[in-house]
Amino acid sequence: MIHIIDYQQTWPSEFHSVGAMLRRHLGALAVRIDHIGSTSVPNLCAKDILDIQVSVERLGPEIVSAMSTGDYFKHPDVKADHVPPGYGDSREDWSKYFFMQAKGQRRINVHVRQLGNPNQRYAILFRDYLIAHDDVATAYGELKKRLAVSLIDDSAYPNVKDPAVDLIYFAAEQWASQIGWRARTSDA
């Protein structure tokens, strides 16, 4: 069952601790380390899972090796992100490495994406847009709560949520072009 909880004041400090550890293991391989996803948006309810994006120059075996020194394991089945409608970019532009921590540790998802690829921008712009638009974040939180109690199959949660996330992202792209958006820094 999916559990959505109220925003936790500890999430930013947890990110900084985990991000600092990732920085030690990855060193210069990590161009940026960002807190992303719902736990990065103040006052937004979320699953109690930290999402972290590591932006790298390129995906390669050295990333997997460095992450394994921090007890993170690459998920063999997750190789790319959902591609929003209208983004006919190469499937490779949406590729990523997805890591999880060892069993028994605090649940953390680490998404490693190539700097400058659309999926790397998507995660950061989505976060910044929700931070700047409380009303949209509140509506998104309500959607997540309703999905969590309505879905019979928990594995359907991301697939059902993706179209709503895309709608927010499309609005975020318009907003970004109007204000000359530059990504907030949340690097660990």
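This report concerns the structure included in the present document. Values in this document were obtained by computation on a predicted structure and should not be read as measured data. (Residues numbered from 1 in each chain as written. Predicted model: local features only at pLDDT ≥ 70, side-chain atom pairs only at ≥ 80, totals over all residues. Heavy atoms only, no water.)

## Concerning the packing of helix α3 (residues 118–132) against helix α5 (residues 157–179)
This is how the line gets drawn: Inter-axis angles, ranging from 0 to 180 degrees, are taken between N-to-C directions of lines fitted to C-alpha atoms, where helices are fitted over the stretch in contact. Secondary structure elements are taken from DSSP: a helix is a run of H or I of four residues or more, a strand is a run of E of two residues or more, and numbering for both begins at the N terminus. Throughout this description, any angle smaller than 35 degrees is read as roughly parallel, any larger than 145 degrees as roughly antiparallel, any in the 65 to 115 degree range as roughly perpendicular, and the remainder as oblique. By the convention used here, residues are in contact when the closest approach between their heavy atoms is within 4.5 Å.
Viewed as axis vectors pointing N to C, α3 and α5 meet at an angle of 80°, and their least axial separation amounts to 9 Å. By the angle between their axes, α3 is roughly perpendicular relative to α5. Of the residues in α5, those touching α3 at Arg121, Tyr122, Leu125, Phe126, Asp128, Tyr129, Leu130 and Ala132 are Val165, Asp166, Ile168, Tyr169, Ala171, Ala172, Glu173, Trp175 and Ala176.

## Some thoughts on the side chain of Gln120
Note the threshold: For the exposure calls, accessible area comes from a 1.4 Å probe over protein chains only, and a residue counts as buried if that area is under 20% of its type's maximum, exposed if over 50%, partly exposed in between. Here a polar contact is taken to be a pair of N or O atoms separated by no more than 3.5 Å, where protein atoms must pair a possible hydrogen donor with a possible acceptor and residues adjacent in sequence count only if both atoms sit in side chains.
The residue Gln120 is located in helix α3 in this model. Judged by relative accessible area, Gln120 falls into the buried class, the value being 7%. Within the structure, the side chain of Gln120 is placed 3.0 Å from the side chain of Ser55, a separation counted as a polar contact. Setting aside residues no more than four positions away along its own chain, Gln120 makes contact with Arg32, Gln53, Ser55, Arg113, Gln114 and Leu115.

## Digging into unusual backbone geometry
For Asn43, which is not glycine, the phi torsion reads 70° and is therefore positive. For Asp71, which is not glycine, the phi torsion reads 65° and is therefore positive. With respect to the secondary-structure elements, Asp71 resides in the loop between α2 (61–68) and β3 (72–74). A relative accessible area of 39% places Asp71 in the partly exposed class.

## Details of the nonpolar core
We apply this condition: The criterion is simple. A nonpolar core is a set of buried Ala, Val, Leu, Ile, Met, Phe, Trp, Tyr and Cys residues joined through side-chain atoms within 4.5 Å.
Grouped together as the largest cluster of nonpolar side chains are 24 residues, with contacts concentrated most on Leu22, Val54, Tyr72, Val110 and Val112. Of all the secondary-structure elements, those providing two or more residues to this core are α1 (11–26), β1 (30–36), β2 (50–56), α2, β4 (97–101) and β5 (108–114). It is α1 that contributes the most residues to this core, 6 residues altogether. Among all residues touching Val54, those that are not within four sequence positions of it are Leu22, Leu26, Ala30, Arg32, Ile33, Val110, His111, Val112 and Arg113. In terms of nonpolar packing, the next biggest core, distinct from the first, is built from 18 residues, Tyr122, Leu125, Ala176 and Trp181 among them.

## Some points on the sheet that holds β2
This is how it is decided: Pairing between strands is defined by DSSP: at least two bridges between them are needed.
With mixed pairing, 5 strands are arranged side by side in an open sheet as β1-β2-β5-β4-β3. Only two strands of the sheet have a single neighbouring strand rather than two, namely β1 and β3. Each neighbouring strand pair of the sheet contributes to a mean axis angle of 25°, computed without reference to strand direction. The pairing of β3 with β4 spans 3 bridges and is classified as antiparallel.

## Observations concerning the packing of α3 against helix α4 (residues 134–150)
The condition is simple: Charged residues are taken to be Asp, Glu, Lys and Arg, nonpolar residues to be Ala, Val, Leu, Ile, Met, Phe, Trp, Tyr, Cys and Pro, and polar residues to be all remaining types, Gly included.
One can describe the packing of α3 onto α4 by two numbers: an axis separation of 5 Å at closest approach and a directional angle of 110°. Between α3 and α4, the angle is such that the two are roughly perpendicular. The residues of α4 that touch α3, namely those facing Phe126, Tyr129, Leu130, Ile131 and Ala132, are Asp134, Val136, Ala137 and Tyr140. For the contact of α3 with α4, a count of residues per class yields 8 nonpolar, no polar and 1 charged.

## Considering the pairing of β1
For β1, the tally of buried residues reaches 6 of 7 residues, placing the bulk of the element in the interior. Summarising the sheet, β1 and β2 pair through 6 bridges and their orientation is antiparallel. Residue pairing for β2: Arg32 is matched across the bridge by Ser55.

## Some points on the environment of Gln105
Within the secondary structure layout, Gln105 lies in the loop between β4 and β5. When its relative accessible area of 41% is taken as the criterion, Gln105 is described as partly exposed. Residues Gln105 and Asp71, spaced 34 residues apart in sequence, show a C-alpha to C-alpha distance of 9.9 Å.

## Notes on α1
Basically, it comes down to this: One less than the residue count of a helix, multiplied by 1.5 Å, gives the span that helix is expected to have. The arc in question is the one spanned by the directions pointing from the helix axis to the C-beta atoms.
With 16 residues, α1 ought to run about 22 Å at 1.5 Å a step, and its terminal C-alpha atoms sit 22 Å apart, in line with that. All of the buried residues in α1 are Trp11, Phe15, Val18, Gly19, Met21, Leu22 and Leu26. The buried side chains of α1 occupy one side of the element, clustering within an arc of 160° when seen end-on. If you follow the buried residues of α1, they end up packed against β1, β2, α2, β3 and β5. Gly27 lies just past α1 and shows a positive phi near 55°.

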